[in-house]
Each structure stands twice: as structure tokens, then as C-alpha cells.
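# Commentary on secondary and tertiary structure
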Amino acid sequence: MAKVAVVYWSGTGNTQKMAEAVVEGAKGAGADVECFEVDSFSVDQIDGFDGLALGCPSMGAEELEEGSYEPFFAAAVDSGKLSGKPVVLFGSWGWGAGAWMETWSERTKEAGANLVDTFIVENEPDDEGIEGSKKLGAAIAGAC
Ligand SMILES: Cc1cc2nc3c(=O)[nH]c(=O)nc-3n(C[C@H](O)[C@H](O)[C@H](O)COP(=O)(O)O)c2cc1C
């Protein structure tokens, strides 16, 4: 059974709602899924999972959240542990139309990961946003 880790940060709950739907979608597709708030997950744990679903909203000026998520992601890239790993990225945005995801996707590909798909939602996910998040979860489960 594919083991998937969902690792997210969320300040006001929007990306958290997406993360919960990603979990549901991945479980529905048969994966063994664990969900972590980013501060509860360490880069050393990456090797224990076949695939990763990484979630963070657009913060700063089209950046990852600087206190926890950026240090985590930078360390993950530096560790080399993303190389060859199936990864999906998701998160919520407010006014920038998703520019942070473009940068994040590029960084993920440059780290050698197999970027399977991305999904972004404006502010709080509506029904469509929840469905899209579930599909993303199914996609990472299927890619492992
Ligand atoms: C400090 C701060 C910086 C933000 N910067 C951006 C940004 O650069 N671009 C954007 O589209 N939204 C930006 N947002 C809006 C958030 O991405 C948006 O509110 C999102 O839904 C928050 O997701 P969360 O509920 O998971 O924290 C920012 C929000 C905050 C609080």
C-alpha cells in the first residue's frame, strides 16, 4: 500500500481544509495516509513515505510561509530527499492569482521531484475546491 504524507501549514484554516480533503482523496484511492502540521514533521521522515502532498498558502509577497514552511521546504530540497519522489503541491491564495505556486513548482522540479500535479484555491475552498483537493489526493496515491 502506498504511504503518503500530507504536510501543511495554514494560518486561517483554508489550506487546512484542503489538506483534510487531500487526505480523504488519497485514502479513497487506497493509500495509507498520515497528515502532519509542518512543525510536527521533519525532513528525516521523508524517506518513510512513497509520496508527499505539500500544502502552504501564498504568504509574504508570493512566498511560502516564512517561519515554518520555507525553512522546512528549503531543508527538504537541500537534503536531496525530494529527488525522484512523487509530490503534489496545494494551497490557498488571496490576491496574487497563484504566482507563488509557479515559483514553488519550479523549485520542486529543480529538486528532482516528480511533480505530479498542483491545485490552488482562492481563499476558502468551496465545493469545487474540496473536490479538486480530493482529486489531488487521489493523484498522489496513484503516482506512488
Ligand atoms: C501575511 C500574509 C501575506 C499574504 N501574501 C499573499 C500573497 O502574496 N499573495 C496572495 O495571493 N495572497 C496572500 N495572502 C493571502 C493568503 O494566501 C490567503 O488569505 C489564504 O487563504 C490563507 O490561507 P490559510 O487560511 O491556509 O492560511 C497573504 C496573507 C497574509 C496573512
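Bear in mind that the values here come from a model prediction, so they are computed numbers and not experimental data.

Once that is clear, we can look at the side chain of T108. In this structure, T108 sits in helix α3 (residues 99-110). On the accessibility criterion, T108 (0% relative accessible area) is buried. Ignoring anything within four residues of it in the chain, the contact list for T108 reads F73, V87, L89, A113 and L115.

Within the secondary structure, S133 is located in helix α4 (residues 127-143). S133 sits in the buried class, given a relative accessible area of 1%. Setting aside chain neighbours within four positions, we find S133 in contact with M18, A21, V22 and F119.

Now for the sheet that holds strand β4 (residues 86-93). Strand order across the open sheet formed by 5 strands is β2-β1-β3-β4-β5, with parallel pairing between neighbours. Where the open sheet ends on each side, the last strands, each with one partner, are β2 (32-37) and β5 (114-122). Strand-to-strand twist in this sheet, taken as the mean axis angle between neighbours without regard to direction, amounts to 15°. Pairing between strand β1 (residues 3-8) and strand β3 (residues 51-55): 5 bridges, direction parallel. Each residue of the ladder has a partner; that of V6, found in β3, is A53. On top of the sheet, helix α1 (residues 14-28) reaches β1, β2, β3, β4 and β5; it is set at about 145° to β4, its chief contact. Contacts between α4 and the sheet are confined to β1, β3, β4 and β5, with β5 contributing the most and set at about 170° to the helix.

Mapping L115 onto the fold places it in strand β5. Considering only alpha carbons, one finds L115 and K134, 19 residues apart in sequence, at a separation of 17 Å.

Right, let's talk about the pairing of β5 for a bit. As paired strands, β4 and β5 are joined by 8 bridges and run parallel to one another. Across the sheet, residue F90 finds its bridge partner in β5, namely F119.

To continue, consider the packing of α1 against α4. Each pair of packed helices can be described by the angle between their axes along with the distance between the axes. Two elements in contact, α1 and α4, have axes separated by 6 Å at closest approach and are oriented at 45°. The orientation of α1 relative to α4 falls into the category oblique. The interaxial crossing formed by α1 with α4 has right-handed handedness. Two secondary-structure elements touch here, α1 through K17, M18, A21, V22, E24, G25 and A26 and α4 through I130, S133, K134, L136, G137, A138 and A141. In terms of residue class, the contact of α1 with α4 is made up of 8 nonpolar, 3 polar and 3 charged.

Criteria and cut-off values
- Residues numbered from 1 in each chain as written.
- Predicted model: local features only at pLDDT ≥ 70, side-chain atom pairs only at ≥ 80, totals over all residues.
- Heavy atoms only, no water.
- Helix = DSSP H or I, 4+ residues; strand = E, 2+ residues; numbered from the N terminus.
- Buried < 20%, exposed > 50% of the residue type's maximum accessible area, 1.4 Å probe, protein only.
- Contact = heavy atoms within 4.5 Å.
- Pairing = 2+ DSSP bridges.
- Axes fitted to C-alpha atoms, helices over the stretch in contact; angles between N-to-C directions.
- Parallel < 35°, antiparallel > 145°, perpendicular 65-115°, else oblique.
- Left-handed = near helix turned anticlockwise from the far one by under 90°.
- Nonpolar A, V, L, I, M, F, W, Y, C, P; charged D, E, K, R; others polar.

Interpretation in functional terms is not warranted from these geometric data alone.
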